[in-house]
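Structural overview
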Amino acid sequence: MTTVTDPTARATLKQQVQALKLHGLLAHWDELTDEALTYVAQWLAWETRERHQRGLQRRLRAAHIGRFKPLADFDWNWPTQCDRAAVTTLMQLDFITETANVILVGPNGVGKSMIAQNLAHQAVLHGHSALFVNAAHLLGDLAAQDGDNALRRRFTHYARPDLLVIDEIGYLSYGTRHADLLFEIINRRYERKPTLITTNRPFAEWGAVFPNAACVVSIVDRLVHHAEILVIEGESYRMREARERAARKASGKQRSRQPATKTVHCGDTPS
């Protein structure tokens, strides 16, 4: 173990101690010998790694991403339209620092949620906070709050993450109250923190998702301003996998029904 003697190294160690808020150690900093600082450097390395790991696990739990397929396992040849290069660029997370929204549009089962989950997971791995939530759950949660104070706390909850993913807007229809609640979330995050939306409907059809809601235009306007919009087309990947499972199952049954072949050798008398 090398003794810490370089003044720059000592200053760097002190900055680490300050960042970790080890006030007792700071109070006696000038009493530490070079040899003692060598051990302090090792302890700081252990503490920093442990805190990083605990922070990562905490952010992953809070993100509620759930199980998902890694992009490396995704069949990019399956969708008839999907800009792989654009998805790869999004995985670099520049849209977070640029406060740009991401909109994934396409029919059911083409991989929108899977891409969104991968982006949220990548964000957490790089130190950002994220929250993945189904649109029905988010709007139901907000609508169920009893009282203004409780509702304000939930607004803060959804406005806080560095990246908010709202999955599956458009699969259900909602009332005017729900549209107002969604507008409040989008408005609180507008030009402050990015929001990622997955939807099976183009924005022109959002009037059917929130019938008679006057704020739909305002929701869409704030979402598409500074946004990356990716359109994905194709047949449902889940339906493809279901057909493949059914085919394998049928093939297995067919083989089990085939009679065993008995081999008759030369000179044997068939029974």
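Conventions adopted
- Residues numbered from 1 in each chain as written.
- Predicted model: local features only at pLDDT ≥ 70, side-chain atom pairs only at ≥ 80, totals over all residues.
- Heavy atoms only, no water.
- Helix = DSSP H or I, 4+ residues; strand = E, 2+ residues; numbered from the N terminus.
- Buried < 20%, exposed > 50% of the residue type's maximum accessible area, 1.4 Å probe, protein only.
- Contact = heavy atoms within 4.5 Å.
- Areas by Shrake-Rupley, 256 points an atom, 1.4 Å probe, with all protein chains shown as cover.
- Lys, Arg positive; Asp, Glu negative; His and termini not counted.
- Charge placed at Lys NZ, Arg CZ, Asp CG, Glu CD.
- Pairing = 2+ DSSP bridges.
- Salt bridge = Lys/Arg side-chain N within 4 Å of Asp/Glu carboxyl O.
- Arc of directions from axis to C-beta.
- Polar contact = N/O pair within 3.5 Å; in protein donor to acceptor, adjacent residues only side chain to side chain.
- Expected span 1.5 Å × (residues − 1).

Turning our attention to the overall build of the protein chain. Counting secondary structure elements, the protein chain contains twelve helices and five strands. C-alpha extents for the protein chain along the principal axes are approximately 100 × 75 × 40 Å. Taking all 271 residues of the protein chain together, 37% fall into the buried category. Pairs at least 24 residues apart make up 81% of the contacts formed inside the protein chain by residues separated by at least 6 positions. When the accessible surface of the protein chain is split by element, carbon and sulfur atoms take 51% of a total near 16000 Å². Side-chain charges of the protein chain comprise 34 positive and 29 negative groups, with the mean position of each set lying 8 Å from the other.

With that out of the way, let us pick up the pairing of strand 3 (residues 163-169). The element strand 3 is largely enclosed, with a buried count of six among its seven residues. Here five bridges tie strand 2 (residues 130-134) to strand 3, and the two strands are oriented parallel to one another. Along strand 3, the bridge assignment pairs V133 with I166. Direction of pairing for strand 3 relative to strand 4 (residues 195-199): parallel, over a ladder of four bridges.

Taken as a whole and assessed by the stated rule, the structure comprises six salt bridges. The shortest N-O distance in the salt bridge between D141 and R154 comes to 2.9 Å. Remark: R154 occurs in helix 8 (residues 148-159) and D141 occurs in helix 7 (residues 135-143); sequence separation between them is 13 residues. Classification of R154 by relative accessible area gives partly exposed; the value is 25%.

For helix 7, every residue scored as buried is listed here: A135, L138, L139, D141 and L142. The buried residues of helix 7 all sit within an arc of 160° when viewed along its axis, so they share a single face. Contacts from the buried residues of helix 7 go to strand 2, helix 8, strand 3 and helix 9 (176-189). At the N-terminal end of helix 7, a side-chain oxygen is found 2.8 Å from the backbone nitrogen of A136, two or three residues along, and the residue is N134.

Attention now moves to helix 9. Between its first and last C-alpha, helix 9 extends 20 Å over 14 residues, near the 20 Å set by a 1.5 Å rise per residue. Of the positions making up helix 9, those classed as buried are A179, L181, L182, F183, I185, I186 and R189. On the buried face of helix 9, the contacting elements are helix 7, helix 8, strand 3, strand 4 and helix 11 (216-224). Just beyond helix 9, the residue with positive phi is E191, at close to 60°.

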